[in-house]
Amino acid sequence: MKRQWWKEGIVYQIYPRSFRDSNGDGIGDCRGIIEKLDYLKELGVNIIWLNPVYKSPNDDNGYDISDYQDMMDEFGTMADWEELLEGLHNRGIKLIMDLVVNHSSDEHQWFVESRKSKDNPYRDYYIWKDPKYDENGNRMEPTNWPAAFSGPAWEYDEETEQYYLHLFSKKQPDLNWENPKLREEIYSMMNWWFEKGIDGFRMDVINLISKYPEYEDIEDGKENKTFMNGPRLHEFLKEMNQNCISKHDVMTVGECFGVSLEQGQDLVGADRKELDMIFQMEHVCLGEGPKGKWDVMPWKLTQLKEIIGKWDRALEECDGWGSQFLMNHDQPRSVSKFGNDKEYRVESAKMLATFTLTLKGTPYIYQGEEIGMTNIEIDDINDYRDLEILNHYKEAIAKGESHDKLMEAYNYKGRDNSRTPMQWDDSKNAGFTAGTPWLKVNPNYKEINVKKAMENKDSVFHYYKDMIALRKNNLGMVYGEYRPILEEDEKIYSYLRIYGDEQYLVVLNFSKDSVECSLPKDIEIGDLVISNYSNRGEILENKMKLKPYEAGVYKAKI
Ligand code: NOJ
């Protein structure tokens, strides 16, 4: 396995809108992040992934970009951003930016031009199709594709009597990657950012950039070839790699919903020259019923093990590299979803930290995860800000669904759970803003905040710090083979990490019960490296008693 800085790094994701507001307008900004650089350094992370900071009308909080080479007004100026980059680099922290090139904003100059006429030079920068008509002559969308944020994926434009494709909101028209001129513009924009000194990109929904040319309807019970993993995906990524990525010492990680193991291998295989890593999203979709995201179902630990295990094997086979994360800005809080945000919040947040930071693959921590921030409980739909929730609510209520059930699902899985302002201290608005925050602060901020966590040696924060240091100082934690054990257990997740003589045993209780387990006899359990309990359960001849959410990393020999 070739050593690389991005394999050995630990990523911290910043959602700038909610991190720290320096000017009192209620919205986080670049100068707010600058204020907190020493905090990041102290935590020990060495790569920052910054969600989009580009010019945007903010229909989808910056994922609708109207100028790829300018700053969002609310976030400050380009000079502020440059100071941020310098501040990070001075502290030995790299910066990766968000690349959102499946779609732009409808307010991007390209789209403003594109929609003017069928022969406008920018027409083919987007995907325009003629309407279809039903037997009564009623106009219909070109295909029956749904948009991710409710309604159809097509919007009719009176001006030129055609529909444009938008897989997300109608203010996020899809770019036409079939057009070589568009691709060149994107590559030159990427190079412009690389020349400014950034260290890589996280690529938004990158496996959607190639669409199947047939534009067929989705049919139940059929393997649909529509807008995901289209036939030219790998060709486009190779071209991008050749034109810009390979010319710089940078890292790439592509967000990929709905990729198979084989497709994943083709995206990150060592000899493929496409991407360094992908975010496979299967484990964050655990608990989703057949009707999709808001159809909440229980999930099992063995399902999580299976997903982590099969991706590990697939990446081994192709000599590729993975990413490990339990949440991001689109997911509920990890301690609320995978742990216990009530009586075992601290223990389970530390257990999850042990998990993310001892797996093979680059770990990603999302802001606030390092202090065990939790989901928020919202009971008034008007307190949500996320367009995904607001659009879905309108549609679902019109169909007669129950308000209470919907709110329950949003409170459990909604994106605003992770987007509530970062909790810095117990002052007004958790020290996030002197103004009115754009999204409600979680009322538990008096209890859960950075200041309090830093003062308490037993806090989730200090545990993260220790785990991060452990990972950074032991190559076996990074490159060691991942060998799962107790694979059928529904409460305990356990595995070995093996790197020559450097060997670890990781034992994690994912339940609120005290449990006992018998570890295979051929494992010699050595000294404890780290645990989330000071008075942890007992070990007797490979039988272990674990307390609720107990986590332990031991030296081992096999
Ligand atoms: C995935 C991003 O993470 C999400 O926040 C965004 O809404 C969609 N892609 C559309 O860009």
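Heads up: the structure comes first, above all this text.
Notes on the structure in this doc start here.

So, how was this worked out
Residues numbered from 1 in each chain as written. Predicted model: local features only at pLDDT ≥ 70, side-chain atom pairs only at ≥ 80, totals over all residues. Heavy atoms only, no water. Helix = DSSP H or I, 4+ residues; strand = E, 2+ residues; numbered from the N terminus. Rg over C-alpha atoms; globule rule 2.2 N^0.38 Å. Buried < 20%, exposed > 50% of the residue type's maximum accessible area, 1.4 Å probe, protein only. Contact = heavy atoms within 4.5 Å. Areas by Shrake-Rupley, 256 points an atom, 1.4 Å probe, with all protein chains shown as cover. Lys, Arg positive; Asp, Glu negative; His and termini not counted. Charge placed at Lys NZ, Arg CZ, Asp CG, Glu CD. Pairing = 2+ DSSP bridges. Axes fitted to C-alpha atoms, helices over the stretch in contact; angles between N-to-C directions. Near = heavy atom within 4 Å. Polar contact = N/O pair within 3.5 Å; in protein donor to acceptor, adjacent residues only side chain to side chain. 1 Å grid on protein atoms, 1.4 Å probe; cavity = no way out; pocket = protein on both sides within 12 Å on 5 of 7 lines; lining within 4 Å. Sits in = over half its atoms within 2 Å of the grid points. Nonpolar A, V, L, I, M, F, W, Y, C, P; charged D, E, K, R; others polar. Expected span 1.5 Å × (residues − 1). Points joined across faces, edges and corners; volume = space filled by probe spheres on them.

**Digging into the overall build of the protein chain**
Reasoning step 1: The secondary structure content of the protein chain amounts to 17 helices and 25 strands.
Reasoning step 2: At 24 Å, the protein chain has a C-alpha radius of gyration in line with the 24 Å of a compact globule built from 558 residues.
Reasoning step 3: Taking all 558 residues of the protein chain together, the buried fraction comes to 60%.
Reasoning step 4: Considering only contacts within the protein chain whose residues lie at least 6 apart along the sequence, 70% involve residues at least 24 apart.
Reasoning step 5: Surface summary for the protein chain: the accessible area is close to 22,600 Å², and the carbon and sulfur share equals 45%.
Reasoning step 6: Averaged over its 71 positive side-chain charges, the protein chain has a centre that lies 4 Å from the centre of its 101 negative ones.

**Regarding the sheet that holds strand 25 (residues 551-557)**
Reasoning step 1: With antiparallel pairing, five strands are arranged side by side in an open sheet as 18-19-20-25-22. Here the strands that pair on one side only, and so sit at the sheet edges, are strand 18 (481-485) and strand 22 (524-531). Ignoring strand direction, the axes of neighbouring strands in this sheet form an average angle of 25°.
Reasoning step 2: The sheet contact formed by strand 18 and strand 19 (residues 492-499) spans five bridges and is antiparallel. Following the sheet pairing, proline 484 is matched in strand 19 by tyrosine 495.
Reasoning step 3: Docked against the sheet, helix 16 (residues 460-473) engages strand 19, strand 22 and strand 25, running at close to 130° with respect to strand 22.

**Regarding the site of the ligand**
Reasoning step 1: Residues in close proximity to the ligand total 13 residues, the closest being Asp60, His103, Asp204, His329 and Asp330.
Reasoning step 2: Note that an oxygen atom of the ligand is positioned 2.8 Å from one of the side-chain N or O atoms of histidine 329.
Reasoning step 3: Compared with its free state, where it exposes 300 Å², the ligand has 97% of that area covered by protein.
Reasoning step 4: If you map the ligand onto the pockets, it falls in the largest pocket.
Reasoning step 5: Broken down by class, the residue content of the shell around the ligand amounts to four nonpolar, two polar and seven charged.

**A short note on helix 9 (residues 301-317)**
Reasoning step 1: Look at helix 9: 25 Å from first C-alpha to last across 17 residues, which is about the 24 Å you get at 1.5 Å a residue.
Reasoning step 2: Of the surrounding elements, those touching the buried residues of helix 9 are helix 8 (261-268), strand 13 (277-280), strand 16 (323-324), helix 11 (345-358), strand 18 and strand 19.
Reasoning step 3: The positive-phi residue at the C-terminal boundary of helix 9 is aspartate 319, with phi of around 60°.

**Section: the layout of surface pockets**
Reasoning step 1: In this structure, the largest pocket occupies an estimated 1,600 Å³ of space.
Reasoning step 2: For the lining of the largest pocket, the secondary-structure elements that each account for two or more residues are strand 15 (292-296), helix 12 (387-398) and helix 13 (403-413).
Reasoning step 3: In terms of residue count, the dominant contributor to the lining of the largest pocket is helix 13 (six residues).
Reasoning step 4: Each residue belonging to the lining of the largest pocket can be placed in one class, and the counts come to 20 nonpolar, nine polar and 18 charged.
Reasoning step 5: Quantified by volume, the second largest pocket comes out at close to 520 Å³.
Reasoning step 6: Around the second largest pocket sit 22 residues that line it, and Gln4, Trp6, Ala270, Leu275 and Asp276 are the ones nearest its centre.
Reasoning step 7: Class assignment for the residues of the lining of the second largest pocket results in eight nonpolar, six polar and eight charged.

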